[in-house]
Amino acid sequence: MLSQQQKELIKATIPVLRENGVALTGYFYNRMLTNNPELKETFNLGHQRSGAQAKALAGAVLAYAENIDNPSVLASAIELISHKHVSLNIQAPDYSIVGENLLHSISEVLNVPMESELIAAWAAAYGQLADILIGAEKALYTEHEQTEGSWLGWRTFIIDKKVQESDEITSFYLVPKDGGALPTYQPGQYVSVRVFVPELGLKQPRQYSLSDSPSKDYFRISVKREGPKEQDQKPGYVSNTLHQLSEKSEIELSAPTGNFFLINPARTNVLISAGVGLTPMVSMLNQLLGEQQSAQGDTQPPVHFIHAVRGAPVHAMKAHIQALRQENDQLKTLVAYEHVNAQDVAGQDYDVQGRLDLSSIDEQWLPKDADYYLCGPMPFMKQQHQSLLQRGIPQQNIHSEAFGTGGVAL
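Residues numbered from 1 in each chain as written. Predicted model: local features only at pLDDT ≥ 70, side-chain atom pairs only at ≥ 80, totals over all residues. Heavy atoms only, no water.

Remarks on the sheet that holds strand E3 (residues 190-197)
The strands making up a sheet are joined through hydrogen bonds of the backbone, oriented either antiparallel or parallel.
And then number 1: Spatial ordering of the open sheet is given by E4-E3-E6-E1-E2-E5, a layout of six strands whose pairing is antiparallel. The open sheet has two free edges, formed respectively by strand E4 (202-209) and strand E5 (219-224), since each of these has just one partner strand. The average angle at which neighbouring strand axes cross in this sheet is 40 degrees, direction not considered.
And then number 2: Inspection of the sheet shows E3 paired to E4 by eight bridges, in the antiparallel sense. Within the sheet, the bridge partner assigned to Val 191 lies in E4 and is Tyr 208.
And then number 3: Set on the sheet, helix H5 (residues 75-87) makes contact with E3 and E4; between it and E3 the angle comes to about 40 degrees.
And then number 4: On the sheet, helix H8 (residues 237-244) packs against strand E1 (155-164), strand E2 (169-176), E3, E4, E5 and strand E6 (250-253) and is oriented at approximately 75 degrees with respect to E3. (Pairing = 2+ DSSP bridges. Helix = DSSP H or I, 4+ residues; strand = E, 2+ residues; numbered from the N terminus. Axes fitted to C-alpha atoms, helices over the stretch in contact; angles between N-to-C directions. Contact = heavy atoms within 4.5 Å.)

Here it is in structure tokens:
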């Protein structure tokens, strides 16, 4: 239990964390992975290389310090982190390694002795947070143990089939090597994929949303071949390794998890995505329409599928969505092309030219009594979230999943 004095010491570091948090967490990751190289197969080195991991951890540490008097307000963040940790098979002893390196990093970067009251306060704070996360993760591990077809840790899968969905995205149909059962998951959840990256000489994990409704026979992920974000950066390690693998190759998967999933099929659901962010939406869409087709009664709740894409060459699963729309009267689709080519037909290939702007589309697309799901790059997510609030959509009806910025935060 943190004393009031310790809480005040933690709060006193807030200005430093705001100013130098990323430098601190970058130092921490470098220290920990140097001292514990075995963790390089747990932490995504692409996120280390880009700085995304350090930035995410800096934000998490700052948020914890700012809410040290009432950490319960971070419950949703704790839930998100717990699912990611379970997906990466993080175990309770790993917290001791992280804690030791974090405390030494604070001491070394801030130039304060390890014996100081500040380090003791952060040790108590970290211990409190670790206990919360370990407890939450234990409950998730227990849930996996009790779920038919699920498993703990890593399980070997075979790439049964590869299907090119666009110039950038390929779907991988994955079957368990052991021939055993697969668990039923919630549409929108993800798995961690772990592959050997020859360039690094070690295995690397990456989380991918499952892109189909649950099946007894296979999992499907749809992966964008990630290019360099900046001129001096290299392409994504895992995505490019996956694209280079042939059918019948073996990879490792964790069991499906995640707290972003379809909540209520009986309500109107509005699915809003950009680029490869459509993958969990297609899982939800396939599940929704499959359940509605098998349900009794003539009237089914509407489903709105709103998708933003740069243009036709990278428009994944276009034919599948168009076929679903033709077969299901309750499905309405709206597609925005940022770049339109001469051969693209308005009303057939796309509906909106330019970037998606929810503030300018007709109100029929955005009913107030619906559930909203967002997935895409962070700037896209923020813009659409703000637009929905401005259009009068209640905050509690908006659910989001950001891809490409994941990894372990604490």
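Looking at the packing of aromatic side chains
And then number 1: This model, assessed by the stated rule, comprises nine aromatic pairs.
And then number 2: With a centroid separation of 4.9 Å and an interplanar angle of 50 degrees, the aromatic rings of Phe 28 and Tyr 29 are classed as tilted. Taken as a pair, Phe 28 and Tyr 29 share a single burial class, namely buried.
And then number 3: Seen in terms of ring centroids, Tyr 173 and Tyr 218 are 5.3 Å apart; in terms of plane orientation they differ by 50 degrees. Their pairing is tilted. Taken together, the residues span a long stretch of sequence, with Tyr 173 in strand E2 and Tyr 218 in the loop between E4 and E5 at a distance of 45 residues.
And then number 4: Taking the relative accessible area as the measure of exposure, Tyr 173 reaches 14% and is therefore buried.
And then number 5: The class for Tyr 218 is partly exposed, based on a relative accessible area of 23%. (Phe/Tyr/Trp six-rings, centres within 6.5 Å; stacked < 30°, edge-to-face > 60°. Buried < 20%, exposed > 50% of the residue type's maximum accessible area, 1.4 Å probe, protein only.)

Considerations on a nonpolar patch on the surface
And then number 1: A cluster of nonpolar residues, Val 16, Tyr 27, Val 109 and Leu 110, forms a patch on the protein surface that exposes about 270 Å² of accessible area.
And then number 2: At the level of elements, helix H2 (14-35) and helix H6 (92-110) are the ones that each hand at least two residues to the nonpolar patch.
And then number 3: According to the relative accessible area criterion, Tyr 27 is partly exposed, its value standing at 35%. (Patch = residues over 30% accessible without salt bridge, like charges linked within 9 Å, V, L, I, M, F, W, Y side chains within 5 Å. Areas by Shrake-Rupley, 256 points an atom, 1.4 Å probe, with all protein chains shown as cover. Salt bridge = Lys/Arg side-chain N within 4 Å of Asp/Glu carboxyl O.)

Some thoughts on the packing of H2 against helix H4 (residues 52-66)
And then number 1: Here H2 crosses H4 at 140 degrees, and the two axes come no closer than 8 Å. The orientation of H2 relative to H4 falls into the category oblique. Of the two elements, H2 crosses H4, and the hand of that crossing is right-handed. Residues Ile 14, Leu 17, Arg 18, Gly 21, Val 22, Thr 25, Gly 26, Phe 28 and Tyr 29 of H2 touch H4, and the partners they reach there are Gln 53, Ala 54, Lys 55, Leu 57, Ala 58, Val 61, Leu 62, Ala 65 and Glu 66.
And then number 2: Across the contact of H2 with H4, the residue classes tally to 11 nonpolar, four polar and three charged. (Parallel < 35°, antiparallel > 145°, perpendicular 65-115°, else oblique. Left-handed = near helix turned anticlockwise from the far one by under 90°. Nonpolar A, V, L, I, M, F, W, Y, C, P; charged D, E, K, R; others polar.)

Some thoughts on the pairing of E6
And then number 1: Where E1 lies against E6, four bridges are found, and the strand directions are antiparallel. Counterpart to Arg 155 in the pairing with E6 is Leu 253.
And then number 2: Direction of pairing for E3 relative to E6: antiparallel, over a ladder of two bridges. Paired with Val 193 across the bridge in E6 is Leu 253.

A word on empty space enclosed by the protein
The method is simple in principle: a probe with the dimensions of a water molecule rolls over the atoms, and the space it marks as empty is what remains.
And then number 1: In total, this model carries six cavities of 30 Å³ or more according to the counting rule given.
And then number 2: Space inside the second largest cavity adds up to approximately 110 Å³.
And then number 3: Contributing to the lining of the second largest cavity are 13 residues, with His 315, Gln 322, Arg 325, Thr 333 and Val 335 lying nearest its centre.
And then number 4: Those elements that provide at least two residues to the lining of the second largest cavity are helix H10 (318-327) and strand E9 (331-337). (1 Å grid on protein atoms, 1.4 Å probe; cavity = no way out; pocket = protein on both sides within 12 Å on 5 of 7 lines; lining within 4 Å. Points joined across faces, edges and corners; volume = space filled by probe spheres on them.)

Focus: unusual backbone geometry
And then number 1: Its identity as a non-glycine residue notwithstanding, Asn 89 has a phi of 60 degrees, on the positive side.
And then number 2: Positionally, Asn 89 belongs in the loop between H5 and H6.

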